[in-house]
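For reference, the chains in residue letters:
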Amino acid sequence: MTTLLVALAIGAVLFAIGLYGALSQTNLVMIMMGVELMLGGAMVNLVAFWRFLHPERIEGQMFVLIVMTVMAIEAAVGFGLGTARFRAKGSVEMEEAAELKG
Amino acid sequence: MIAQTVAVALLGAVAVWFGAAVFRTSSMVRSALSLLASMAAIGGMFLAMEAEFLGVLQLMMMATEMAIMAVFMVMYMMDPGGLGQMDMSHQKRLSLASGVLAGLAALAIAFLGGWGPVAATAPDAAAQTRALGIEMMTRSLLVFETAAVTILVAMIASVAVAIARRR
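Bear in mind that the values here come from a model prediction, so they are computed numbers and not experimental data. The numbers attached to residues start from 1 for each chain and follow its sequence in the written order. Chain letters and ligand numbers both follow the written order, the letters beginning at A and the numbers at 1. In keeping with the predicted nature of the model, local features appear solely for residues at pLDDT of at least 70, side-chain atom pairs appear and are counted solely at 80 or more, and the whole-chain, interface and lining totals rest on all residues.

**Student:** Sorry if this is basic, but what is going on with the nonpolar core here?
**Tutor:** Considering soluble globular proteins, one finds that nonpolar side chains tend to be buried as a cluster. Note on terminology: a nonpolar core is a set of buried residues of type Ala, Val, Leu, Ile, Met, Phe, Trp, Tyr or Cys, with members joined through C-beta atoms within 7 Å. Burial is judged by counting other C-beta atoms within 10 Å of a residue's own C-beta: 20 or more means buried, 12 or fewer means exposed, and anything between counts as partly exposed, with every C-beta placed from the backbone. Core analysis: the biggest nonpolar cluster contains 69 residues, and A:A7, A:V29, A:V47 and B:M45 have the highest contact counts within it. A run of H or I in DSSP counts as a helix once it spans at least four residues, and a run of E counts as a strand once it spans at least two, with each numbered from the N terminus. Among the elements of the structure, α1 (2-24), α2 (28-52) and α3 (59-89) of chain A together with α1 (2-21), α2 (28-48), α3 (52-76) and α4 (92-112) of chain B are those that each provide at least two residues to this core. Top element by residues in this core is α2(A). It accounts for 16 residues. Not counting residues within four places of it along the chain, the set of residues in contact with A:A7 comprises A:V44, A:A48, B:V8, B:G12, B:M45 and B:M49. Remark: residues whose backbone-derived C-beta atoms lie within 7 Å of one another are considered to be in contact.

Below you can see the structure in the form of structure tokens.
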């Protein structure tokens, strides 16, 4: 039980650091880094649940693979948008992107 | 079991340390390298928790992704080395409060949740990888294919958005 709790606590702290970063940073790439850390925390939890609660059910690992895919998609879309924004405005600072508000 | 707990705790401390370092430096390149170290430590945690396939995948994938991220940092930033000490943050108090609240909520769930009995052993690496392959190609095939098509669409859309317009 101790190892499960240690892993869950680390997942929670990583998620909290990622959330702080995603909300506090103004640069698009830094915001993406915050999101990556949040997803990293989620993955730690998923692996811990799989290993210590149901290691016979491989679906837990499948779920982690899907989260990794989400991370890759986030990076691809984020860098695509970042490059478009950089070409248009010469910057990826999100404070200068207020015109994107609906 | 004690060795496993110590390994998970140590690698977790490394992941948290470098995760915090991502937002403590004004150098974008150092941020990318800190995130790489944090993600590598998470990969190490997967290995310590006997998820060998996922651990190796995490190490390989994140090393590549962070290298790409560092290249984009250098491309986008006038000052990727952080020599000008630019401040790239806002609403710090609100962000800190949100992070602390979310962390405390997650910790409360972790420590107060009744998780039931803990499994002592996990299948070996070869059995896990085989089971994962069979799962991917049978019951989760639709999920796997959907993820594959989604990532392909995201790649094409990103290139289409980012490509320079011809005049």
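The structure having been displayed, the exposition proceeds.
**Student:** Help me understand unusual backbone geometry in this model?
**Tutor:** Where the residue is not glycine, phi is negative for most of them; where a peptide bond is considered, it is trans in most cases. Residues and elements named next belong to chain B. Backbone geometry at E50 places phi at a positive 70 degrees, although glycine is not the residue there. Mapping E50 onto the fold places it in the loop between α2 and α3. You can call E50 partly exposed: it has 19 C-beta atoms within 10 Å. Of note in the backbone geometry, Q91 takes a positive phi value of approximately 35 degrees without being a glycine. In this fold, Q91 is placed in the loop between α3 and α4.

**Student:** Honestly, the interface of chain B and chain A in this entry has me stumped. Any pointers?
**Tutor:** By a widely used convention, the size of an interface equals the accessible area lost when the partners come together. The interface is formed by 71 residues belonging to chain B together with 62 residues belonging to chain A. With 13 residues, α4(B) is the largest single contributor of residues to the side of chain B that touches chain A. Its residues assigned to classes, the side of chain B that touches chain A shows 49 nonpolar, 18 polar and four charged. Three classes are used: nonpolar for Ala, Val, Leu, Ile, Met, Phe, Trp, Tyr, Cys and Pro, charged for Asp, Glu, Lys and Arg, and polar for all others, with Gly counted as polar.

**Student:** What is the right way to look at the packing of α3(A) against helix α6 (residues 141-162) of chain B in this model?
**Tutor:** To describe two helices that pack against each other, one gives the angle between their axes and the distance between the axes. Only the stretch in contact is used when a helix axis is fitted, and all axes are lines through C-alpha atoms; the angle between N-to-C directions ranges over 0 to 180 degrees. In contact at an axis separation of 8 Å, α3(A) and α6(B) are set at 10 degrees when each is read in the N-to-C sense. Between α3(A) and α6(B), the angle is such that the two are roughly parallel. Counted together, A:I66, A:T69, A:A72, A:I73, A:A76, A:V77, A:F79, A:G80, A:L81, A:T83 and A:A84 of α3(A) and B:V143, B:A147, B:T150, B:I151, B:A154, B:M155, B:A157, B:S158, B:V159, B:V161 and B:A162 of α6(B) form the full contact between these two elements. In the contact of α3(A) with α6(B), the residues fall into 17 nonpolar, five polar and no charged. Under this scheme an angle from 65 to 115 degrees is roughly perpendicular, one under 35 degrees roughly parallel, and one over 145 degrees roughly antiparallel; angles in between are oblique.

**Student:** Can you walk me through α1(B) in this structure?
**Tutor:** Residues spaced three or four apart along an α-helix face the same direction, because each turn holds 3.6 residues. Taking 1.5 Å per residue as the helical rise, α1(B) with its 20 residues ought to reach 28 Å, and the 28 Å between its terminal C-alpha atoms agrees with that figure. Within α1(B), the full set of buried residues consists of B:V8, B:L11, B:G12, B:A15, B:V16, B:F18 and B:G19. At its buried positions, α1(B) is contacted by α1 and α2 of chain A together with α2 of chain B. Expected helix span is taken as 1.5 Å per residue step, with the number of steps being one fewer than the number of residues.

**Student:** Sorry, what's going on with the domain arrangement of chain B here?
**Tutor:** An automatic or database domain assignment supplies the start and end points of every domain. Along its sequence, chain B is organised into domain 1 (1-82) and domain 2 (124-167). Centre-to-centre, using C-alpha coordinates, domain 1 of chain B lies 22 Å away from domain 2 of chain B.

**Student:** Quick question: what am I supposed to make of the confidence of the model for chain B here?
**Tutor:** If pLDDT is low for a region, its predicted coordinates should not be looked at in detail. Residues and elements named next belong to chain B. Confidence of the predictor at the level of single residues is captured by pLDDT, which takes values from 0 to 100. Summary statistics for chain B give a mean pLDDT of 87 and a share of 92% for residues scoring 70 or more. When mean pLDDT is taken per element in chain B, α1 scores highest with 94 and α3 scores lowest with 85. Across the interface, the model reports ipTM at 0.92; the global pTM reads 0.91.

**Student:** Just to check I follow, could you spell out the confidence of the model for chain A for this structure?
**Tutor:** On average, residues of chain A score 89 in pLDDT, and 99% of them are at 70 or above. Summarising per-element confidence for chain A, the mean pLDDT is lowest in α3(A) (87) and highest in α1(A) (94).

**Student:** Is there a simple way to explain the environment of A:G21 in this structure?
**Tutor:** One can find A:G21 in helix α1. A:G21 sits ten residues away from A:I31 along the chain, and the two C-alpha atoms are 6.4 Å apart. When sequence neighbours within four positions are dropped, the list of residues in contact with A:G21 reads A:M30, A:M33, A:G34, A:L37, B:V22 and B:F23.

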